[in-house]
Amino acid sequence: MKRRLLASLIGIVVLALAGLIANLSVGNKPLLGLDLQGGASVTLRPAFGNPDPTAFGEVVKLYRERIASLNFSVQSVERKQARRNPWPPFTTSTLQQEASRKLGFAPAHTMRIAQRLYEGVDIGGETVGLITYMRTDGVQIDPSAITQARKVIAEDFGNAYVPEAPRQYQAKAKNAQEAHEAIRPTDLSRRPSDVARKLDAEQAKLYELIWIRTVASQMESAELERTKIGRASCRER
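In this text the structure is predicted, and so the values were computed from the model without any measurement.

Colleague: Sorry, what's going on with the overall build of the protein chain here?
Modeller: Counting its regular elements, the protein chain contains 7 helices and 10 strands. The burial tally for the protein chain puts 31% of its 237 residues in the buried class. Summed over all atoms, the accessible surface of the protein chain reaches about 15,000 Å², with 51% contributed by carbon and sulfur.

Colleague: How should I be thinking about the confidence of the model for the protein chain in this particular structure?
Modeller: Interpreting fine coordinate detail is not advised for predicted regions of low pLDDT. For the protein chain, mean pLDDT is 80; residues scoring 70 or higher make up 70% of the total. Confidence drops under pLDDT 50 across residues 24–42; counting only partners more than four residues distant or on other chains, this segment forms 45 contacts.

Colleague: How should I be thinking about the pattern of salt bridges in this particular structure?
Modeller: Pairing is possible between side chains of opposite charge, provided their charged atoms come close. Applying the stated rule across the entire model yields 11 salt bridges. Here Lys151 makes a salt bridge to Glu155, at a shortest N to O gap of 2.5 Å. Placement of the pair is Lys151 and Glu155 together in helix H5 (residues 143–157), with a separation of 4 residues, close to one helical turn. The partly exposed category is assigned to Glu155, whose relative accessible area is 47%. Linked through salt bridges whose partners overlap, the residues forming this network are Arg83, Arg167, Glu220 and Glu223.

Colleague: Can you help me understand the packing of aromatic side chains in this one?
Modeller: A ring pair, where both rings are aromatic, is described by two values, the distance of the centres and the angle of the planes. Tallied over the entire structure, the rule returns 1 aromatic pair. Seen from their ring centres, Tyr118 and Tyr133 are 5.4 Å apart, and the 65° between their planes marks the pair as edge-to-face. A residue pair is termed long-range when its members are at least 10 positions apart, and Tyr118 in helix H4 (residues 107–119) and Tyr133 in the loop between strand E8 (126–128) and H5 qualify at 15 residues. With relative accessibility at 34%, the residue Tyr118 sits in the partly exposed group. Using a relative accessible area of 30% as the deciding quantity, one classes Tyr133 as partly exposed.

Colleague: Could you clarify how one ought to interpret H4 in this entry?
Modeller: Every α-helix winds through 3.6 residues per turn, so residues three or four apart in the chain are directed the same way. Its 13 residues give H4 an end-to-end C-alpha distance of 18 Å, which sits within 8% of 18 Å, the value for a rise of 1.5 Å per residue. Buried within H4 are the following residues: Thr110, Met111, Ile113, Ala114 and Leu117. Looking straight down H4, one finds its buried side chains confined to an arc of 165°; they lie on one side. Buried residues along H4 sit against helix H3 (92–103) and helix H7 (201–216). Looking one or two places after H4, you find Gly120, whose phi comes out positive at around 120°.

Criteria and cut-off values
- Residues numbered from 1 in each chain as written.
- Predicted model: local features only at pLDDT ≥ 70, side-chain atom pairs only at ≥ 80, totals over all residues.
- Heavy atoms only, no water.
- Helix = DSSP H or I, 4+ residues; strand = E, 2+ residues; numbered from the N terminus.
- Buried < 20%, exposed > 50% of the residue type's maximum accessible area, 1.4 Å probe, protein only.
- Areas by Shrake-Rupley, 256 points an atom, 1.4 Å probe, with all protein chains shown as cover.
- pLDDT = per-residue confidence, 0-100.
- Contact = heavy atoms within 4.5 Å.
- Salt bridge = Lys/Arg side-chain N within 4 Å of Asp/Glu carboxyl O.
- Phe/Tyr/Trp six-rings, centres within 6.5 Å; stacked < 30°, edge-to-face > 60°.
- Expected span 1.5 Å × (residues − 1).
- Arc of directions from axis to C-beta.

In structure tokens, the structure reads:
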């Protein structure tokens with residue numbers, strides 16, 4: 001929370017500095033530019049060409065003195081409590097999107113790995129399917145899986161993360177093919193760490209992604225604090 005507030009304050013001060021810097025120019029060309037690095041640091045640079053280093057140093061010195069002579073203030077800070085509900089379990093398209101974003105898998109590659117997890121791997125001398133059918137538009141999951149997810153949440157994270165009522169999801173897309181339920185582990189008690197040694201690296205990553213999404217879909221809403229900071233003003237000391 002403190003880091004987010006600090007980042008917001010830095011951003012406000014940077015905007016004020018940008019206004020000061022824009023006033024220093026030769027003709028219509030600014031002498032200085034502003035580079036932001038990660039939103040937390042600022043670098044002054046020549047805005048054009050390669051001016052004399054000594055002259056540029058003098059310009060920076062003048063601006064440091066000018067900035068030091070000002071008082072920056074924040075007009076207002078407003079905090080509001082908010083809640084964010086979890087995402088529903090995976091459909092085919094959302095699994096492909098998330099695997100691409102988090103794992104760097106192409107959609108076709110994701111489906112090949114999911115096919116292997118669906119067909120089954122050897123666990124204790126028995127071939128076991130680890131996920132449900134992977135081609136589906138449905139976001140609903142079987143009631144027994146919901147009960148198991150709530151049990152796993154209580155065991156692994158505590159009762160505070162188990163909502164009072166199970167979460168139910170419905171597909172928003174028209175003509176969604178919901179004959180199959182959402183993509184989920186066939187047994188949520190098989191934690192990713194338990195089956196990782198039975199899978200290759202990519203299978204383990206995709207299984208973990210599916211397991212986490214399924215469990216998270218039945219968790220309590222996240223509690224957030226949204227902070228709105230009014231713009232800064234500056235005046236002479």
